[in-house]
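# Per-entry structural report
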Amino acid sequence: MASAITTLAEDAPTLSAANTGFMLICSALVMLMTPGLAFFYGGMVRVKSSLNMLMMSFISLGIVTILWVLYGFSLAFGTDSGSIIGWNSDYVGLSGIGITELWDGYTIPVYVFAVFQLMFAVITPALISGALADRVKFSAWALFTVLWVTVVYFPVAHWVWGAGGWLFELGVIDFAGGTAVHINAGAAALGVILVIGKRVGFKKDPMRPHSLPLVMLGAGLLWFGWFGFNAGSWLGNDDGVGAVMFVNTQVATAAAMLAWLGYEKLRHGSFTTLGAASGAVAGLVAITPAGGAVSPLGAIAVGAIAGLLCTMAVGLKYKFGYDDSLDVVGVHLVGGVVGSLLVGLFATGGVQSDVAGLFYGGGLEQLGKQAIGVFSVLAYSLVASALLAFLLDKTIGMRVTEDDEVSGIDQVEHAETAYDFSGAGGGSSSRSTAVPTPAAAASKKVDA
């Protein structure tokens, strides 16, 4: 975030209507990313799990919003305590903040900064949910979200972006969330799936996406919203840095999509829509930490490298036997690691700060700082998330029963189905009541 990089101006800033309006629009764009993620994930699962997948993202808008107002903003961005956590009683309930009170050193109100950061907090646990498709109780997921944002996200956000946070003080560059959002969520996903285990039929039954158009819609909404996610993280629009970040977001995403598709064609012989959507998201993830430090040519390199490495990484779950249902580890963890480390190579020293990477004469110092940020967040989130999942699994239970998983989690957990075909088809009553052949019934069962 810009708050971790930009120094305070000598003259006290005054409220800027332009920057305030810009940041409110960016906040709305980031909010749209969570429903976009719901469509992206919802289309990738089988039809019997699609509503549950939508709800696992959507519920974060409710839970995290309330927690952020009550204490999350204070923990993440309050006065530093020991470089680990923050606290400010004025931020509890957002009750002690004046309506024109400015975020320290900036021209936007504290309320605007708080709501922008809220949208980051909302989408991060939603990212985790894609790894857990088909098999987690909705009530357990909701409670996990409460615990996870409290124990993991709020402290990590303070480390990375809060004044006084230890990674902030170290000089780790994370423009918009490579460590705090994507590595954090990806490592958490890995920790949880190692505890709860595989889906029934993993590596045996076909588990194809039920709606690739929904996947593409979700990817498009994510791409659109990501401009607010990234360009807005400079917290203003006065010096051109946000504009560079906007351009780099587009460039890296395009490069990653093309790299992913090229690898698919060479390896498997086809350009797939799922590959296009996944490659785009991989590029968005990778440029998130790096886009304020690199040039557009550097953004092409970041995107292309991320696209290649992420498409290779998604297959590791079959090799190592962990069931990452929708490739959260392969895309968000790996993409976040790649983008964060490449700052140490491609930072030009001429955009958000004067810090230069190895290829621009800066040596290895920044790469070392980036590695500390990457692996500290990865380790903390992995271990803490696994412990939280273990605790819940041993108390209330994290998983639905095997029978419920096979029959469909949508009906069991939500008493609904995504599609109602009762009025479809038409024709005579004899056609509508005909008994399907055994082969047709078996085919339907497998595809569901």
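What counts and what doesn't
Residues numbered from 1 in each chain as written. Predicted model: local features only at pLDDT ≥ 70, side-chain atom pairs only at ≥ 80, totals over all residues. Heavy atoms only, no water. Helix = DSSP H or I, 4+ residues; strand = E, 2+ residues; numbered from the N terminus. Rg over C-alpha atoms; globule rule 2.2 N^0.38 Å. Buried < 20%, exposed > 50% of the residue type's maximum accessible area, 1.4 Å probe, protein only. Contact = heavy atoms within 4.5 Å. Lys, Arg positive; Asp, Glu negative; His and termini not counted. Charge placed at Lys NZ, Arg CZ, Asp CG, Glu CD. 1 Å grid on protein atoms, 1.4 Å probe; cavity = no way out; pocket = protein on both sides within 12 Å on 5 of 7 lines; lining within 4 Å. Points joined across faces, edges and corners; volume = space filled by probe spheres on them. Axes fitted to C-alpha atoms, helices over the stretch in contact; angles between N-to-C directions. Left-handed = near helix turned anticlockwise from the far one by under 90°. Nonpolar A, V, L, I, M, F, W, Y, C, P; charged D, E, K, R; others polar. Core = buried A, V, L, I, M, F, W, Y, C linked by side-chain atoms within 4.5 Å. Phe/Tyr/Trp six-rings, centres within 6.5 Å; stacked < 30°, edge-to-face > 60°. Expected span 1.5 Å × (residues − 1). Patch = residues over 30% accessible without salt bridge, like charges linked within 9 Å, V, L, I, M, F, W, Y side chains within 5 Å. Areas by Shrake-Rupley, 256 points an atom, 1.4 Å probe, with all protein chains shown as cover. Salt bridge = Lys/Arg side-chain N within 4 Å of Asp/Glu carboxyl O. pLDDT = per-residue confidence, 0-100.

Let's shift gears to the overall build of the chain. Across its full length, the chain holds 17 helices and two strands. Taken over C-alpha atoms, the radius of gyration comes to 22 Å for the chain, in line with the 22 Å a tight globule of 448 residues would show. With the C-alpha coordinates aligned to their principal axes, the bounding extent of the chain is approximately 80 × 50 × 40 Å. Counting every position in the chain, which comprises 448 residues, the buried fraction comes to 55%. At a minimum sequence separation of 6, the contacts of the chain that also span at least 24 residues come to 77%. Of the charged side chains in the chain, 19 are positive and 28 negative; the average position of the first set lies 20 Å away from that of the second.

Attention shifts here to empty space enclosed by the protein. Taken as a whole, this structure holds one cavity of 30 Å³ or more when the rule is applied. In this structure, the largest cavity encloses a volume near 30 Å³. Surrounding the largest cavity, Met-44, Val-45, Arg-46, Asp-134, Arg-199, Met-207 and Arg-208 form its lining.

Contact geometry of helix α10 (residues 296-313) with helix α12 (residues 328-346) gives a least axis separation of 9 Å together with a crossing angle of 145°. Handedness of the crossing formed by α10 with α12: right-handed. Counting all contacts with α10, which are made through Ala-301, Val-302, Ile-305, Ala-306, Leu-309, Cys-310 and Ala-313, the residues of α12 involved are Gly-330, Val-331, Val-334, Gly-335, Val-338, Leu-342 and Phe-346. Split into classes, the residues belonging to the contact of α10 with α12 amount to twelve nonpolar, two polar and no charged.

Of all hydrophobic cores here, the largest spans 109 residues; its most connected members are Phe-40, Phe-73, Trp-103 and Leu-132. Per element, the largest residue contribution to this core is 15 residues, and it comes from helix α4 (residues 138-161).

With that settled, the discussion passes to the packing of aromatic side chains. Following the criterion strictly, the structure yields 25 aromatic pairs and no others. Geometrically, the ring pair formed by Trp-148 and Tyr-153 is tilted, given 6.5 Å between the ring centres and 35° between the ring planes. By relative accessible area, which is 0% here, Trp-148 ends up buried. Ring centres of Tyr-153 and Phe-154 lie 6.2 Å apart, and the angle between their planes is 75°; this geometry places the pair in the edge-to-face category. Both residues of the pair, Tyr-153 and Phe-154, belong to the buried class. Joined through ring pairs, the aromatic side chains of Trp-68, Tyr-71, Phe-73, Phe-77, Tyr-91, Trp-103, Phe-113, Trp-148, Tyr-153 and Phe-154 make up one cluster.

Here we take up the environment of Leu-261. Here Leu-261 shows up in helix α8 (residues 241-268). In this structure, the C-alpha to C-alpha distance between Leu-261 and Ser-278, residues 17 residues apart in sequence, is 9.5 Å. Not counting the four nearest positions on each side in its chain, Leu-261 is found in contact with Phe-271, Thr-272, Gly-275 and Ala-276.

The subject of this paragraph is α10. Look at α10: 25 Å from first C-alpha to last across 18 residues, which is about the 26 Å you get at 1.5 Å a residue. Looking only at α10, the buried set comprises Gly-298, Ala-299, Val-302, Gly-303, Ala-306, Gly-307, Cys-310, Thr-311 and Ala-313. If you follow the buried residues of α10, they end up packed against α8, α9 (273-290), α11 (316-320) and α12.

Together, Leu-358, Phe-359, Tyr-360 and Leu-364 give the surface a local cluster of nonpolar side chains, amounting to about 420 Å² of exposed area. Looking at the secondary structure, you find Phe-359 in the loop between α12 and α13 (365-395). We classify Phe-359 as exposed; its relative accessible area is 52%.

Before going further, it helps to examine the confidence of the model for the chain. In this model, the chain carries an average pLDDT of 93, and 92% of its residues clear a pLDDT of 70 or more. In the model, residues 3-9 has pLDDT below 50 throughout and makes 14 contacts with residues more than four positions away in sequence or in other chains.

Here we come to the layout of surface pockets. For the largest pocket, the calculated volume is near 800 Å³. Every residue lining the largest pocket is counted, 31 residues in all, and those nearest its centre are Leu-274, Val-314, Lys-317, Tyr-318 and Asp-327. Counting residues per element, the ones that place at least two in the lining of the largest pocket are α1 (17-44), α8, α9, α10, α11 and α12. Sorting elements by how many residues they give to the lining of the largest pocket places α8 first, with five residues. Each residue belonging to the lining of the largest pocket can be placed in one class, and the counts come to 15 nonpolar, eight polar and eight charged.

What follows concerns the pattern of salt bridges. This model, assessed by the stated rule, comprises six salt bridges. When the shortest N-O distance is used, the salt bridge between Asp-134 and Arg-199 registers 3.4 Å. With Asp-134 in the loop between α3 (110-129) and α4 and Arg-199 in the loop between α6 (178-196) and α7 (212-231), the pair connects residues that are 65 residues apart, well separated along the chain. Each member of the salt-bridge network shares a partner with another, and the members are Arg-46, Asp-134, Arg-199 and Asp-323.

This next bit is on α12. Taking 1.5 Å as the rise per residue, α12 with 19 residues should run 27 Å; its terminal C-alpha atoms sit 25 Å apart, in good agreement. For α12, the tally of buried residues reaches 17 of 19 residues, placing the bulk of the element in the interior.

Here we take up the side chain of Asp-327. By the secondary structure assignment, Asp-327 is in the loop between α11 and α12. Here Asp-327 is in contact with Val-314, Lys-317 and His-332, once residues within four sequence places are set aside.

Within the secondary structure, Ile-372 sits in helix α13. It is 9.2 Å that separates the C-alpha atoms of Ile-372 and Leu-170, two residues lying 202 residues apart in sequence. Not counting the four nearest positions on each side in its chain, Ile-372 is found in contact with Trp-166, Leu-167 and Leu-170.

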